[in-house]
Amino acid sequence: MGSGKIIIAIDGYSSTGKSSFAKLVAKGLGYIYADSGALYRAITYFAYNNGFIDDRGAIDEEPLKKLLKIIKISFRNDRGGNSRTFLNGDDIEAGIRTSQVSGLVSKIAELGFVREHVNAILKQMAIDKGIVMDGRDIGTAVFPNAELKIFMTATPEVRAQRRFLELQAKGSKDTYEKVLEDLKKRDYIDEHREIDPLRRAKDAIELDNTFMTMEEEIEWLNKILLPNFNLEVELPKQ
Ligand code: DC
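Reading guide: rules and limits
- Residues numbered from 1 in each chain as written.
- Predicted model: local features only at pLDDT ≥ 70, side-chain atom pairs only at ≥ 80, totals over all residues.
- Heavy atoms only, no water.
- Salt bridge = Lys/Arg side-chain N within 4 Å of Asp/Glu carboxyl O.
- Helix = DSSP H or I, 4+ residues; strand = E, 2+ residues; numbered from the N terminus.
- Buried < 20%, exposed > 50% of the residue type's maximum accessible area, 1.4 Å probe, protein only.
- Core = buried A, V, L, I, M, F, W, Y, C linked by side-chain atoms within 4.5 Å.
- Contact = heavy atoms within 4.5 Å.
- Near = heavy atom within 4 Å.
- Polar contact = N/O pair within 3.5 Å; in protein donor to acceptor, adjacent residues only side chain to side chain.
- Areas by Shrake-Rupley, 256 points an atom, 1.4 Å probe, with all protein chains shown as cover.
- Nonpolar A, V, L, I, M, F, W, Y, C, P; charged D, E, K, R; others polar.

S.K.: Got a minute to help me understand the pattern of salt bridges in this structure?
M.R.: Any two side chains of opposite charge can pair if their charged atoms end up close together. For the structure shown, the criterion picks out 13 salt bridges. The salt bridge involving Asp203 is made with Lys149; its shortest N-O contact spans 3.0 Å. Remark: Lys149 occurs in strand S7 (residues 148-153) and Asp203 occurs in the loop between helix H8 (176-192) and strand S8 (205-208); sequence separation between them is 54 residues. The exposure class of Lys149 is buried, given its relative accessible area of 5%. Across the salt bridge formed by Arg163 and Glu166, the nearest N and O atoms sit 2.9 Å from each other.

Here's what the structure looks like:
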């Protein structure tokens, strides 16, 4: 007999709001939230700070391969209930969100041994199910048997606008055009990577949130969760 808990895999393009949606769903169901991109970012942060990847993205693979086996990446929740990423006990959450790491992470995420390592950690996290995980290949490569798979999309222009506003709030001077161009480049790399590229699993349900609010996204999800899994996410209180 299962516990009734399921694995929810959420994949999709960058800046589709995957992590905000996944966090809200996990909270509403009392599930764990797992940010697979944060693991790729943590490894990139580690590689960069140890000189295993340079500013142009050239990688010294051998030492990285060896040291990956002994470093410890973990997640802990802070008081606000947000997940923070730790490397060997140090909080690196701010470090993994810098533009430096964002610019290099897709190179690190192309390496087969890195993907294997990340996938082993993700599988361990989901051993008791009851988890919402977001990424690019969760429904295709990490949990092909996940009970529910969602593939998130929105137009590049709307995603770039969301990202542009986020960056502006952080004091960035990047123009909307530059943000749109970077986003399209990232989409291309994610979709054309040799190992486990971003693509919609055949059995994933598409959520195009170009014109949707978060409340509408949760309502949309409940229409799937309730009849199929007897689960319901409560809408956040205003
Ligand atoms: O979602 P994010 O921007 O934090 O992801 C960071 C990088 O990691 C991005 O280049 C895509 C990659 N990634 C991946 O290849 N596979 C995943 N499951 C999650 C992220």
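S.K.: It is not clear to me how the nonpolar core should be interpreted in this structure. Could you clarify?
M.R.: By size, the foremost hydrophobic cluster in this structure holds 35 residues, and its most contacted members are Ile43, Leu64, Val114 and Phe143. Taken together, the elements giving at least two residues each to this core come down to strand S1 (7-12), helix H2 (36-49), helix H3 (61-68), helix H4 (99-108), helix H5 (112-125), strand S6 (131-135) and helix H6 (138-142). It is H2 that contributes the most residues to this core, 7 residues altogether. The residues contacting Phe143, other than those within four sequence positions of it, are Ile7, Leu122, Lys123, Ala126, Met133, Ile138 and Lys149.

S.K.: Which parts of the structure should I look at to understand the site of the ligand?
M.R.: Neighbouring the ligand are 14 residues, the closest being Arg41, Arg115, Arg136, Asp137 and Arg193. The separation between a nitrogen atom of the ligand and a polar side-chain atom of Ser36 is 3.0 Å. Here Asp137 contributes a side-chain N or O atom positioned 2.8 Å from a nitrogen atom of the ligand. Coverage of the ligand by the protein chains reaches 92% of its 450 Å² of free accessible surface. Contributions of two or more residues to the shell around the ligand are made by H2 and H4. In terms of residues, the shell around the ligand owes the most to one element, H2, which gives 4 residues. Residues that form the shell around the ligand fall into these classes: 4 nonpolar, 4 polar and 6 charged.

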